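# Structure at a glance
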Amino acid sequence: MATTDDAAGTKPWTLSDMPDQSGRFAVVTGANSGLGFLTVRELARKGAQVVMTARDAGRGERALARIRAELPDAAVELRRLDLADLDDVSAFADRLRADGRPIDLLINNAGVMMPPRGLTSQGHETQFGVNHLAHFALTLRLLPLLSASSNARVVTVSSELHRRGRIHFEDLKGERSYGRMAFYAQSKFANVLFALELDRRLKAVGLPILSLLAHPGYSDTNLQTNATSGVLRLFMSIGNRFLAQNAEQGVLNQLYAATAEGLRGGAFIGPDGFREMRGSPSLVHPLPAATDPDLAARFWRLSEDLTHLTFPSTAERMQ
C-alpha cells in the first residue's frame, strides 16, 4: 500500500496528503466529467495552473463553471481537443508550444470504453485511436515543454482490464473480428506498453521526466455507460451501483501518481483491494506480457509509423 507516516504508524493516502502544487502547470485530457474532472479540480485546489481539455465545448464550459463555482480563484482554463483526430492533437500541441510555458504534468486521462466499432478521422479503430494513439502523439509533441520542466511527469491512465488485452497486430482496425471488450482491453494494454517503453526511452536519453501509470479500479463514472447500449449498458449500470467504488476514491490513484513524492519512473498505481477493484492507492504490477521490452519496442515502432512521429535520439534534440 502507498502510505504516509502518522503518529500511529501508517495510513492510506488521501487528498490531504497531496503536496502543494503551486507553481506547477498541468494538462489533463478528457476533463469535462468523471476522473478527469476530479483530477483538474483537486490539482487546482492545491494551487496548480491547469489546462483541461474536452471534445465538446459546451460540456467543457459547464465543467469549468462547476470548478469556478467551488474554487473561485482556481487557475483553470478550457481548451478543446478532439482525440479522435490526430490533426487536432497536433494543432492543440502547437498552441501549447507557442505559449512556451514548461509543462510539469501531463495526465493522459481521456478515453472511450466499449462503443460500437468505429473509426477515427485517420481511419484507426476508435478505442485504439483515442485511448492510445492520440495520447502517444500528444506526449511526443509535448516532450519539448515537458523537458523544459525540472520535475515533469507523464501519467497515463490504464485499466485493470489491460490484463485481458493483447495487440491485434494482424487486425488493428477490427475489420476481421471486433469485440468491444477485446478492443478496449487492447487499448488499455497499449497504454501500459507505451508508458513503460516511454520510461525506458526517457532514461536512455537522460531526460528527467517520469513516466507513470495509474488505474482507478472499478470506479463509478459515466465512462461505462455513455458509449454502451442495450444489455451492456444495463450490466454496467448495475455494476456501478453495487460493485464500484465512488469516483472520488478511484481518482486518488492518478493523483497519487501525479503528485506523491518518491515515485520512480515506470511505477504503476492502483487500488490495493481484491483484484485491484477498489481500495487505497498502492504500487501494483502490470500483466507480465506488458513488461516485455521486445514487444514494447515493436509496438512503439508501429505507433510511430501510424502517427508519423519519432522519439528523439538524444536529449539535446529536445532543446
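As a starting point, this report considers the structure included with it. Since we're looking at a predicted model, the values are computed, not measured.

## Focus: the overall build of the protein
- Across its full length, the protein holds 10 helices and 12 strands.
- In the protein, which comprises 319 residues, the proportion classed as buried is 57%.
- For the protein, long-range pairs separated by at least 24 residues make up 73% of all intrachain contacts whose partners lie at least 6 apart in sequence.

## A closer look at helix 9 (residues 252-259)
- With 8 of its 8 residues buried, helix 9 lies for the most part within the structure.
- Every buried residue of helix 9 is accounted for by Leu252, Asn253, Gln254, Leu255, Tyr256, Ala257, Ala258 and Thr259.

## Examining the side chain of Asp88
- Tracing the chain through its elements places Asp88 in helix 3 (residues 86-99).
- Within the structure, Asp88 has its side chain in polar contact with the backbone nitrogen of Asp82 (distance 2.7 Å).
- Not counting residues up to four positions away in its chain, the partners in contact with Asp88 are Arg80, Leu81 and Asp82.

## Points about the pattern of salt bridges
- Summed over the entire model, instances satisfying the criterion amount to 14 salt bridges.
- A salt bridge links Arg41 to Glu42, with the shortest nitrogen-to-oxygen separation between them at 2.8 Å. Accessibility assignment for this pair places Arg41 and Glu42 in one class, buried.
- For Glu197, the salt bridge identified is with Arg201, shortest N-O distance 2.9 Å. Of this pair, Glu197 and Arg201 are both found in helix 5 (residues 180-205), 4 residues apart, which corresponds to roughly one turn of the helix.
- Note on Glu197: relative accessible area 6%, which makes it buried.
- Look at the salt bridges and you will find they share partners, linking Arg41, Glu42, Arg45 and Glu70 into a network.

## Quick notes on the pairing of strand 7 (residues 152-157)
- Most of strand 7 sits inside the fold, with 6 of its 6 residues counted as buried.
- Where burial is concerned, the two faces of strand 7 agree: the one with Ala152, Val154 and Thr156 and the one with Arg153, Val155 and Val157 are both buried.
- Relative to strand 7, strand 6 (residues 105-108) runs parallel, the two sharing 4 bridges. Each bridged residue has a counterpart across the sheet, and for Asn108 the counterpart in strand 7 is Thr156.
- A crossover links strand 6 with its parallel partner strand 7, the connecting element being helix 4 (residues 126-147), and its sense is right-handed.
- The pairing of strand 7 with strand 8 (residues 209-214) spans 6 bridges and is parallel. Within strand 8, the position partnered with Arg153 by the bridge is Leu210.
- Assessed by its sense of winding, the connection that carries the chain from strand 7 through helix 5 to strand 8 is right-handed.

## Some points on the environment of Asp85
- Mapping Asp85 onto the fold places it in the loop between strand 5 (75-80) and helix 3.
- Between the C-alpha atoms of Asp85 and Gly123, which are 38 residues apart in sequence, the distance is 9.4 Å.
- Among residues more than four places away in sequence, those in contact with Asp85 are Ser121 and Gln122.

## Description of unusual backbone geometry
- Positive phi is not limited to glycine here, since Met114 has a value of about 55°.
- Residue classification places Met114 among the buried residues on the basis of a relative accessible area of 2%.
- A positive phi angle, close to 55°, is found at Glu276, a residue other than glycine.
- Its place among the elements puts Glu276 in the loop between strand 11 (268-271) and strand 12 (281-283).

## Quick look at the packing of helix 4 against helix 5
- For the pair helix 4 and helix 5, interaxial distance at closest approach is 7 Å and the crossing angle is 20°. As judged from the angle between their axes, helix 4 and helix 5 are roughly parallel. The hand of the helix 4/helix 5 crossing is right-handed. On helix 5, the residues that touch Gln127, Phe128, Asn131, His132, His135, Phe136, Thr139 and Leu143 of helix 4 are Arg180, Phe183, Tyr184, Gln186, Ser187, Lys188, Ala190, Asn191, Phe194, Leu198 and Leu202.

Calculation criteria
Residues numbered from 1 in each chain as written. Predicted model: local features only at pLDDT ≥ 70, side-chain atom pairs only at ≥ 80, totals over all residues. Heavy atoms only, no water. Helix = DSSP H or I, 4+ residues; strand = E, 2+ residues; numbered from the N terminus. Buried < 20%, exposed > 50% of the residue type's maximum accessible area, 1.4 Å probe, protein only. Contact = heavy atoms within 4.5 Å. Polar contact = N/O pair within 3.5 Å; in protein donor to acceptor, adjacent residues only side chain to side chain. Salt bridge = Lys/Arg side-chain N within 4 Å of Asp/Glu carboxyl O. Pairing = 2+ DSSP bridges. Right-handed = clockwise from strand over helix to strand, strands pointing away. Axes fitted to C-alpha atoms, helices over the stretch in contact; angles between N-to-C directions. Parallel < 35°, antiparallel > 145°, perpendicular 65-115°, else oblique. Left-handed = near helix turned anticlockwise from the far one by under 90°.

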